[in-house]
Amino acid sequence: MGTVLLTALDGRFGDSADAVAVDGVALSREQLLGAAGAVAARIAGAPALAVLTRPGVETVVATLAGLLAGVPVVPVPPDAGPKEREHILRDSGAPLLAVAARDRDTAAHGARLLTVDPAERGAAPDEPAADGGTAFVLYTSGTTGAPKGVLISRRAVAAGLDGLADAWSWTPDDTLVHGLPLFHVHGLILGVLGPLRIGGRLVHTGRPAPQAYAAAGGSLYFGVPTVWSRLAADEVSAKALSAARLLVSGSAPLPVPVFERLAALTGHAPVERYGMTETLITVSTRADGERRPGSVGLPLAGVRTRLVGDGGNPVPADGESVGELQVLGPMLCDGYLGRPDADAESWTADGWFRTGDVAVIGPDGFHRIVGRASVDLIKSGGFRVGAGEVEAALRDHPAVADAAVVGAPDADLGQVIVAYVVPEGPVTGGQLTAFVAERLSVHKRPRRVVLVDELPRNAMGKVLKKQLLEP
Ligand code: MCA
Ligand code: AMP
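Residues numbered from 1 in each chain as written. Chains lettered and ligands numbered in written order. Predicted model: local features only at pLDDT ≥ 70, side-chain atom pairs only at ≥ 80, totals over all residues. Heavy atoms only, no water.

## Here's the deal with the overall build of the protein chain
Going by this rule: A run of H or I in DSSP becomes a helix once it reaches four residues, and a run of E becomes a strand once it reaches two; helices and strands are each numbered from the N terminus. We take the radius of gyration over the C-alpha atoms and set the globule estimate at 2.2 Å times the residue count to the 0.38 power. With a 1.4 Å probe rolled over the protein chains alone, any residue whose accessible area is under 20% of its type maximum counts as buried; one over 50% counts as exposed, and the rest are partly exposed.
Of the regular secondary structure elements, the protein chain holds 13 helices and 25 strands. Radius of gyration (C-alpha) of the protein chain: 22 Å, near the 23 Å computed for a compact globule of 471 residues. Each principal axis of the C-alpha distribution contributes one length, and for the protein chain these read about 65 × 55 × 50 Å. Counting only residues that meet the buried cut, the protein chain has 56% of its 471 residues in that class.

## Notes on the packing of aromatic side chains
The line we're drawing: Pairing of aromatic side chains requires ring centres within 6.5 Å, counting the rings of Phe and Tyr and the six-membered ring of Trp. Pairs whose planes differ by under 30 degrees are stacked, by over 60 edge-to-face, and all others tilted.
The final tally for this structure, using the stated rule, is eight aromatic pairs. Look at Phe-183 and Phe-383: their rings are 6.2 Å apart centre to centre, the planes differ by 10°, and that puts the pair in the stacked class. Here Phe-183 is found in the loop between strand 9 (175–178) and helix 5 (185–198), whereas its partner Phe-383 is found in strand 22 (residues 383–386), with 200 residues between them in sequence. Phe-383 matches Phe-183 in its accessibility class, with the two residues each being buried. Between Trp-347 and Phe-353, the aromatic rings sit 4.9 Å apart at their centres with planes inclined by 70°, giving edge-to-face as the arrangement. Assessed through its relative accessible area of 1%, Phe-353 is described here as buried.

## Let's talk about helix 1 (residues 29–43)
What counts, and what does not: Multiplying one less than the number of residues by 1.5 Å gives the expected span of a helix.
With 15 residues, helix 1 extends 21 Å from end C-alpha to end C-alpha; this agrees with the ideal 21 Å at 1.5 Å per step. Restricting attention to buried positions, one finds in helix 1 the residues Arg-29, Leu-32, Gly-34, Ala-35, Ala-36, Gly-37, Ala-38, Val-39, Ala-40 and Ile-43. Within two residues after helix 1, Gly-45 carries a phi angle of roughly 85°, on the positive side.

## A closer look at the packing of helix 4 (residues 154–168) against helix 5
We count it as follows: Axis geometry follows a simple rule: fit a line to the C-alpha atoms, using only the stretch in contact for helices, then measure angles between N-to-C directions, giving values from 0 to 180 degrees. Working definition: roughly parallel below 35 degrees, roughly antiparallel above 145 degrees, roughly perpendicular at 65 to 115 degrees, and oblique for all remaining angles. Contacts are assigned to residue pairs with any non-hydrogen atoms lying within 4.5 Å of each other. Asp, Glu, Lys and Arg are counted as charged, while Ala, Val, Leu, Ile, Met, Phe, Trp, Tyr, Cys and Pro are counted as nonpolar; the rest, among them Gly, fall into the polar class.
Two elements in contact, helix 4 and helix 5, have axes whose closest approach is 10 Å; the angle formed by their N-to-C orientations is 80°. As judged from the angle between their axes, helix 4 and helix 5 are roughly perpendicular. On helix 5, the residues touching Val-157, Ala-158, Leu-161, Asp-162, Leu-164, Ala-165 and Trp-168 of helix 4 are Ile-189, Leu-190, Leu-193, Gly-194, Arg-197 and Ile-198. The class makeup of the residues in the contact of helix 4 with helix 5 is ten nonpolar, one polar and two charged.

## Here we look at the site of ligand 2
Stated formally: Near, as used in this document, describes a residue that has one of its heavy atoms within 4 Å of the molecule or strand being considered. In protein, a polar contact requires one atom able to donate a hydrogen and another able to accept it; more generally it is a pair of N or O atoms within 3.5 Å, and residues adjacent in sequence count only if both atoms are side-chain atoms. What sets the accessible areas is the Shrake-Rupley method with a 1.4 Å probe; for residues, cover comes only from the shown protein chains.
Residues in close proximity to ligand 2 total 15 residues, the closest being Arg-273, Thr-277, Asp-357, Arg-372 and Arg-384. Pro-253 is positioned with one of its backbone polar atoms (N or O) 3.5 Å from a nitrogen atom of ligand 2. Here a nitrogen atom of ligand 2 and a side-chain polar atom of Glu-272 are 3.0 Å apart. Bound to the protein, ligand 2 loses 92% of the 500 Å² it would expose on its own. Elements supplying a minimum of two residues to the shell around ligand 2: strand 13 (271–276) and strand 20 (367–372). Sort the elements by how many residues they give to the shell around ligand 2 and strand 13 lands first, with five residues. Classifying every residue of the shell around ligand 2 gives six nonpolar, three polar and six charged.

## Focus: the site of ligand 1
As a structural note, the neighbourhood of ligand 1 is formed by 22 residues, with Arg-207, Ser-251, Arg-273, Gly-381 and Arg-447 the closest of them. Within the side chain of His-184, an N or O atom sits 3.5 Å from a nitrogen atom of ligand 1. Interatomic distance of 3.3 Å between a backbone N/O atom of Val-185 and an oxygen atom of ligand 1. The set of elements that each furnish at least two residues to the shell around ligand 1 consists of helix 5, helix 7 (225–232) and strand 13. In terms of residue count, strand 13 provides more of the shell around ligand 1 than any other element does, three residues in total. For the shell around ligand 1, a count of residues per class yields eight nonpolar, eight polar and six charged.

Structure below.
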């Protein structure tokens, strides 16, 4: 591990006019460093920098500026409604919100807007050491309540990327291609900082469309399962990826038929890896090892995993017994911002992180993720959505008496968000969907709203969500 986080920025692996290209706009590493240097000078000493993460080079410049200045970066989803944006800005305490010129009318809820100009140049400050300080405060949903800020250190990012470089044989010769959102671990930390630490070019396609992936001519491709299943349905685009070196899937379970179709069309069995915002990536199949369909493979170097049963008893790694997956490793987060209650719930007394995922580990060490322990954490298109947050947004509507939100199985998105709503006035499903989208991020709006007279509840008054999910 180098002494700084962004080891590839000093030119040791060379440079090119298109080292980093986002949605058709390319910058060399030197230009990127100059633009980030100019922003870094303006944010020096700030306690945090929020970044409106539209898929553009401005997001890369602003993120890099935060890392160079030693200012924690707080990614804000570009489609976040006012309620969610305000929560992120207030909870993180970020006094500055970096935006691209086209977003300079964004409401900043008391923060100061800082417009990022990728053509600006300034001297980049010396990057702080990789082993100290918070790199990111990443907001993510729990089962209830507003999103929590996950504190991710520079050390965790460095360790996480080095673990992946080892597992995926990722080198400066790679050109990484993806079109994922830039406010998550997947798209931003792996997908942007990866090439800035490991080296190699980055092509971000704006959106993860099959034709854009096919046209990008990369060696290493990232996608969530929805991206891979859409690509597998587009034979011409899929075949273009046969020239690549490695296809990587993550953020949600990759269905076995998609794995197999992708392998048949591209000639590459995809690598699947498992992780969380709180832990970064901890388990993966390897570029130089077996890529088993339905399996997320082996712990990365330095990671330990274990299965724990309901009563806290150890569960054997026998390939059959299921337990909650707990993890330990250098890429784990430092906790939740200002939420000692959530920290206490998420860590065991002996320091392991409780993932909330249910898994099986084989005698050969291969991990299989069986599902989530809670029905209230939904994964739709790779986005993590807390049922409680959507229910609270729906209940804010004057015509809603009660609401329950579930993730229903879906061939394209894995799960889709379905809301069961008890109305107390005239309202349509479309109005409620729009109401949620205006407050939270657009991807958190229900795809279906079912108006019902009452919700099924048990004797304790708890909604029987499994009953709602029955066909
Ligand atoms: C969507 N649309 C809707 C609704 N939802 N319209 C009405 N009602 C709704 N409820 C609209 C969209 O705005 C869009 O419109 C159109 O329908 C198509 O939407 P959709 O099917 O959602 O397709 P998409 O917009 O192309 O999204 C699919 C996607 C997206 C690209 C796969 O889900 C995505 O980017 N997922 C990635 C999530 C991710 O990166 N997660 C990583 C977190 P229009 O076309 O007009 O816009 S996990 C992580 O970081 C960990 C550590 C890990 O393991 O990686
Ligand atoms: P997020 O914090 O948005 O990254 O969501 C993390 C969650 O995504 C995990 O707790 C898992 O439930 C799920 N997840 C990520 N990768 C995989 C995978 N390869 N297979 C199954 N579930 C996954």
